[in-house]
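Each chain, written out:
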Amino acid sequence: MTVRLHGEQQPELTGSLRAAGGEVIEVTVYRWSRTENCTPLRRLIERGGWR
């Protein structure tokens, strides 16, 4: 079976499926991480008028 992951691993879910005898394929739809340079984000917020 295929388990669609949304940004992070889910070891409890996939582990229990494997323990029950399932062959599990994990598919990560997206990943996110913090950027070291927030300048582009700050510019976008300033141009949009949000603060």
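Thresholds, definitions, all that
- Each chain has its residues counted from 1, running along the sequence as written.
- Owing to the predicted nature of the model, reporting of local features is limited to residues with pLDDT of at least 70; listing and counting of side-chain atom pairs is limited to 80 or more, with chain, interface and lining totals taken over all residues.
- Only hydrogens and water are removed before side-chain values are computed, so all heavy atoms of the structure are retained for them.
- In DSSP terms, a helix is any run of H or I states spanning at least four residues, a strand is any run of E spanning at least two, and both are numbered starting from the N terminus.
- Only C-alpha atoms enter the radius of gyration, while the globule expectation follows 2.2 Å times N to the 0.38, with N the number of residues.
- Contacts are assigned to residue pairs that have any heavy atoms within 4.5 Å of one another.
- Two strands pair under a simple rule: DSSP has to find at least two bridges between them.
- By the criterion used throughout, a crossover qualifies as right-handed when its path from the first strand across the helix to the second strand runs clockwise, the strands pointing away from the viewer.
- Exposure above 30% relative accessible area and the lack of any salt bridge qualify a residue for a patch; like charges then connect within 9 Å, and the nonpolar side chains Val, Leu, Ile, Met, Phe, Trp and Tyr within 5 Å.
- Reported accessibility uses the Shrake-Rupley method at a 1.4 Å probe radius. Residues are deemed covered only where the shown protein chains occlude them.
- A side-chain nitrogen of Lys or Arg and a carboxyl oxygen of Asp or Glu constitute a salt bridge if their distance falls within 4 Å.
- Buried residues are those whose accessible area, probed at 1.4 Å on protein chains only, stays under 20% of the maximum for their type, while exposed residues exceed 50% and partly exposed ones sit between those limits.

**Student:** Even after reading the chapter, I still don't get the overall build of the protein, so can you show me in this structure?
**Tutor:** Looking only at helices and strands, the protein has 2 helices and 2 strands in total. Traced from its N-terminal end to its C-terminal end, the protein shows the element sequence β-α-β-α. Here the C-alpha atoms of the protein give a radius of gyration of 18 Å, more than 25% beyond the 10 Å that 2.2 N^0.38 yields for 51 residues. C-alpha extents for the protein along the principal axes are approximately 55 × 20 × 15 Å.

**Student:** How should I be thinking about the environment of His6 in this particular structure?
**Tutor:** Within the element layout of this structure, His6 appears in the loop between strand 1 (2–5) and helix 1 (11–19). Spatially, the C-alpha atom of His6 lies 8.7 Å from that of Val27, the residues being 21 residues apart in sequence. Contacts of His6, omitting those with residues within four sequence positions, involve Val29 and Tyr30.

**Student:** What's the story with the pairing of strand 2 (residues 25–28) in this structure? I'm lost.
**Tutor:** Remember that side chains alternate between the two faces of the sheet whenever the strand is regular. Two strands pair when backbone bridges link them, and strand 1 and strand 2 are joined in this way by 4 bridges, in the parallel orientation. Across the sheet, Leu5 pairs through a bridge with Thr28, a residue of strand 2. This β-α-β element, strand 1 to helix 1 to strand 2, shows right-handed connectivity.

**Student:** Looking at this structure, I do not really get a nonpolar patch on the surface. What am I missing?
**Tutor:** A contiguous nonpolar surface patch, about 370 Å² in accessible area, is contributed by Val29, Tyr30 and Trp32. By relative accessible area, which is 47% here, Val29 ends up partly exposed.

**Student:** Sorry, what's going on with the pattern of salt bridges here?
**Tutor:** A side chain with one charge can pair with a side chain of the opposite charge if their charged atoms come near. Summed over the entire model, instances satisfying the criterion amount to 1 salt bridge. The residue Glu26 makes a salt bridge to Arg18 at a minimum N-O spacing of 3.3 Å.

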